[in-house]
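Chain and residue survey
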Amino acid sequence: MSFLGEVRLKDKFGPFVAFQAGLGFVPNLVLAQTLLPRLIEAQAMLESAVRLREGAIPRVQKERILLIVEAERQDTYCVALDSKILSSLGLLDVHIDGLLADYQNAGLSGSELACLEFCLKLSRDAPSVCSEDIAALRACGIGDESIFEAVLVTALAVYRCTLSVGLCPEPDFAPRKIPSMRVDQRHGPAPRSLLSGSAEAARRNGPYVPAPYLSPKTFSPFDIVQKSHGFIPNFFRAQSLRPDLLEAELEAVGRILLPEEALTRVQKESILLAVSAANLNSYCVAMHCNLLRGLGMPSEEGDQIAVDYHEANLSVADKALLDFAVKLGTRGREFSRRDVVKLQALGFTEEQILECVVVTALNNFANTLQMGLGIEPDFAPPPVFEENKVHLADAVATPIGREGGVYRGDAIHDLDAELVAQAQDGKLEAFEELVRRHTQLIYRTLMAMLGKPPDAQDALQDTLLNAFKHIGGFQGRSKFSTWLVSIARNTALQRLRARKDVESLDEPEREEEGDFRPRQVRSWADNPEQLHSKSEIQQLVEAGILGLPAKYRVVVVLRDIEQLSTDEVARQLGLSVPAVKTRLLRGRLMLREWLSPHFTASTKGAVK
Amino acid sequence: MITCEEFFAEFADYMENQVSPEIRKELNLHLSQCRACQVLYDTSLKTVKIVTESGSFELPHSVSDPIIDCVMAKLRKDRS
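Residues numbered from 1 in each chain as written. Chains lettered and ligands numbered in written order. Predicted model: local features only at pLDDT ≥ 70, side-chain atom pairs only at ≥ 80, totals over all residues. Heavy atoms only, no water.

**Topic: the interface of chain B and chain A**
In many analyses, interface size is given as the accessible surface area lost on bringing the parts together. We apply this condition: For this analysis, residues touch if any pair of their heavy atoms sits within 4.5 Å. A quick way to say it: buried area is the sum, across both parts, of accessible area lost when two parts are put together, with a 1.4 Å probe. Contacts described as polar in this section are N or O atom pairs within 3.5 Å, which, within protein, must combine one atom able to donate a hydrogen with one able to accept it, while residues neighboring in sequence count only if both atoms come from side chains. Here a strand is any run of E in DSSP of at least two residues, a helix any run of H or I of at least four, and the numbering for each starts at the N terminus.
The partner chain A presents 57 residues to the 47 residues of chain B that form the contact. Buried area between chain B and chain A, summed over both chains or domains, comes out near 5000 Å², and the portion from carbon and sulfur atoms is 64%. For the interface between chain B and chain A, the tally reads 21 residue pairs in polar contact (both at pLDDT 80 or more). Of all elements in the fold, only helix 1 (4-15), helix 2 (21-33), helix 3 (35-53) and helix 4 (61-79) of chain B reach the threshold of two or more residues within the side of chain B that touches chain A.

**Brief notes about the confidence of the model for chain B**
The condition is simple: One number per residue, pLDDT, summarises how confident the predictor is, and it ranges from 0 to 100.
Averaged over chain B, the pLDDT score is 90; the fraction of residues at 70 or greater is 100%. Interface predicted TM-score (ipTM) for the complex: 0.92; the corresponding pTM is 0.76.

**Quick look at the packing of helix 15 (residues 282-294) of chain A against helix 16 (residues 299-308) of chain A**
All names here are of chain A. Here is the rule we go by: Axis definition: a line fitted to C-alpha atoms, limited for helices to the stretch in contact. Angles are taken between N-to-C directions and run from 0 to 180 degrees. For any helix crossing, the convention is left-handed if the near helix is rotated counterclockwise from the far helix by under a right angle, and right-handed if that rotation is clockwise. Just so you know the grouping, Ala, Val, Leu, Ile, Met, Phe, Trp, Tyr, Cys and Pro go in nonpolar, Asp, Glu, Lys and Arg go in charged, and all remaining residues, Gly too, go in polar.
Viewed as axis vectors pointing N to C, helix 15 and helix 16 meet at an angle of 145 degrees, and their least axial separation amounts to 9 Å. Crossing angle aside, the handedness with which helix 15 passes helix 16 is right-handed. Note on element contacts: helix 16 touches helix 15 through Ser 299, Gly 302, Asp 303, Ile 305 and Ala 306, opposite Val 285, Cys 289, Leu 292 and Arg 293. A class-by-class count of the residues in the contact of helix 15 with helix 16 yields five nonpolar, two polar and two charged.

**Let's talk about helix 14 (residues 265-278) of chain A**
Given 3.6 residues to a turn, an α-helix orients residues that are three or four positions apart in the same direction. Residues and elements named next belong to chain A. Note the cut-off: What a helix is expected to span follows from its residue count: subtract one and scale by 1.5 Å. Each residue is placed in one exposure class: buried if its accessible area under a 1.4 Å probe, protein chains only, is under 20% of its type's maximum, exposed if it is over 50%, and partly exposed if it falls in between.
With 14 residues, helix 14 should reach 20 Å at 1.5 Å per residue; the first-to-last C-alpha distance of 20 Å fits that figure. Counting buried positions along helix 14 yields twelve of 14 residues, so the element is predominantly enclosed. Turning to helix 14, its buried residues number three or more, namely Gln 267, Lys 268, Glu 269, Ser 270, Ile 271, Leu 272, Leu 273, Ala 274, Val 275, Ser 276, Ala 277 and Ala 278. Phi turns positive, to about 60 degrees, at Leu 280, one or two residues after helix 14.

**Describing the pattern of salt bridges**
Worth spelling out the cut-off: Criterion for a salt bridge: a side-chain nitrogen of Lys or Arg within 4 Å of a carboxyl oxygen of Asp or Glu.
The full count for this structure, using the stated rule, is 50 salt bridges over all chains. The residue Arg 160 of chain A makes a salt bridge to Glu 70 of chain A at a minimum N-O spacing of 3.1 Å. Residue Arg 160 of chain A is found in helix 9 (residues 144-167), and its partner Glu 70 of chain A is found in helix 4 (residues 59-72); the two are separated by 90 residues along the sequence. Residue classification places Glu 70 of chain A among the buried positions, given a relative accessible area of 0%. Between Glu 529 of chain A and Lys 49 of chain B there is a salt bridge; the shortest N-O distance is 2.8 Å. In this pair, Glu 529 of chain A sits in the loop between helix 24 (480-498) and helix 25 (534-546) while Lys 49 of chain B sits in helix 3, so the two residues belong to two different chains.

**What about the environment of Leu 441 of chain A?**
Residues and elements named next belong to chain A. Note that Leu 441 resides in helix 22 (residues 428-450). Residues Leu 441 and Leu 558, 117 residues apart in the sequence, show an inter-C-alpha distance of 8.1 Å. Residues contacting Leu 441, with those up to four places away along its chain left out, are Ser 481, Val 485, Leu 558, Glu 562, Leu 564 and Gln 572.

**Structural notes on the side chain of Gln 33 of chain A**
With respect to the element layout, Gln 33 of chain A can be found in the loop between helix 2 (28-31) and helix 3 (37-52). Each residue touching Gln 33 of chain A, except ones within four places of it in the same chain, is listed here: Leu 39, Ile 40, Gln 43, Leu 163, Leu 167, Leu 354 and Val 358 of chain A.

**Concerning the packing of aromatic side chains**
To describe a pair of aromatic rings, one takes the distance between the centres and the angle between the planes. Quick reminder of the rule: For this analysis, a ring pair means two rings from Phe, Tyr or Trp (six-membered ring only for Trp) whose centres lie within 6.5 Å, classed as stacked if their planes differ by under 30 degrees, edge-to-face if by over 60, and tilted for the remaining angles.
Counted according to the given criterion, the structure contains 18 aromatic pairs over all chains. Ring centres of Phe 324 of chain A and Phe 335 of chain A lie 5.0 Å apart, and the angle between their planes is 75 degrees; on these two criteria the pair is classed as edge-to-face. Placement of Phe 324 of chain A in helix 17 (residues 316-330) and of Phe 335 of chain A in the loop between helix 17 and helix 18 (337-345) is noted, with a sequence separation of eleven residues between them. With relative accessibility at 3%, the residue Phe 324 of chain A sits in the buried group. The exposure class assigned to Phe 335 of chain A is buried, which follows from its relative accessible area of 9%. Relative to Tyr 41 of chain B, the ring of Tyr 14 of chain B lies with its centre 5.0 Å away and its plane at 45 degrees, an arrangement referred to as tilted. Here Tyr 41 of chain B lies in helix 3 and Tyr 14 of chain B lies in helix 1, a separation of 27 residues in the sequence. Of the residues examined, Tyr 14 of chain B reaches a relative accessible area of 4% and is grouped as buried.

**Some words on the environment of Glu 355 of chain A**
All names here are of chain A. Here Glu 355 is to be found in helix 19 (residues 350-373). Taking the C-alpha atoms as reference points, Glu 355 and Leu 263, 92 residues apart in sequence, are found 7.0 Å from one another. Excluding residues that lie within four positions of it along the chain, Glu 355 makes contacts with Leu 36, Arg 38, Leu 39, Ile 256, Pro 259, Ala 262, Leu 263 and Lys 268. At 2.8 Å, the side chain of Glu 355 forms a polar contact with the side chain of Arg 38. There is a polar contact of 2.7 Å between the side chain of Glu 355 and the side chain of Lys 268.

Below you can see the structure in the form of structure tokens.
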């Protein structure tokens, strides 16, 4: 009955032993993943940390959360399994039936009921969770650690339900009746907030629970994240209240996402991006767009997956893979064996399909966690995504487990759009106006790359001619200025290659690449710019910038002179935001060393 | 209190005002007690201000206009 094949693993397989010890048996949901044992290891880590480990919420209460969330999602497999587990913890069958029939009148304490209502809201309508919900929980006497655990347990329930829909394991126990009342709730309008009348005032103001500072020096998982991502995403920082849970989660994420034996990293990140977009999770959309860029995917392609992957430059098979994941992740009730057969017909192996199911489950886990903890963004989501008003704060909620949103790649709002349309119709005056608007941006990009004014001026001319030649192919998926910079960049690269003087703009940062720690420790004058004339300062700055390695030079020019945002710079140069931040810091510190002798408090005299 | 090395690890985000309140508190505490990091922070902010206000690599109209005119003339000629 299960959708995919199974293989027999040894009884001594570590996670099996852990499930035996914790639950008394190995559930079929776990056995359905034996084709890739590392995925079972990941689930065992999550379950053992979130569900079994002693924490602020008693074990029985965690089990009640799992049961009710799974019941509301009509997951008969999980409900049967978790009823049995509750029963093994000493709860009478009559109480379990009472909970399933009407949890509000099942004799739970006021605070447990409030917590359960919050978990249901998070599972049913995650984008609507806001800081008022957290305040309401605190008013019931529920502490931050308990809130944190409640969010994690809900995320685990969502993970398990996604797995059970995608894998369809044989039931471990006879199914329990799930009252139809829950179905009505699922279809009914989701409450926007636990507090009546506060929908309009709903605010996020995350992160909702305090996140004490954890140093990569003392918490080694952060050191690993820092090295692999180039920074520590807020997603992980926001969970520092419980380093033990965070460590297990990072291990599990690594087991699922890093190996490439079935799906590739790019395929997995594309799944995470497409399903996060369908779940309206702008945090995760921005994160996965950046990670895809770091894996070499052009930013426009990543943006297109977020907006409408059907229009992205992907193979038919990869689009089908995303269809499968988005349906499983957002419209589980429509999902069936036919979806699995479709992927098989396109040549996907059972291991790949299994991994797609688990990655989708992980995505829903992460989306739920992010919205439940109100984790603040690391980067802005793609402009197109925002323009379609699917930012979590303003979205018409389309929660996990319900009908996914529809996104179409309408041209993003761009002040140049009208002139671009005219220029595409061949109107030269419109093109000239566009060119005059953006000459400085193009020139500065070229100067930063080529370093010599005559070269940059020649390249400016070539860039403008190339832009006109190709303007018909501009589809409005990025801002016109971004597109122009990409033309300028290519033009400059051709020149650098021709003069065989290519300083790599694309090579990754290396740890050992010089110590960027400051050597100059003398303080500067209070108003250093008054020490020299404007033209002297301009000469100094230009000389300093031209002395930087090209890859730092371009970032500094676009960020600090052209004053684009970090995200825009990343987009224009096709780099990840963390890479831009690293290059920017290094460039700024090198400039600081260069400028220091001229601006220290005792500096007098002219610039040489 | 965090070390200079830990301060430096957060420095890029601190300068861009992109750290969480908890981390900001730790960094501020370090900054209030470490002269070397104070100098680093202050001079880095001044560097960015000087670079931003320098007007570097501006192409004067006297140079850009002839380039644009030349391009437009070529495009018009190609069309006719």
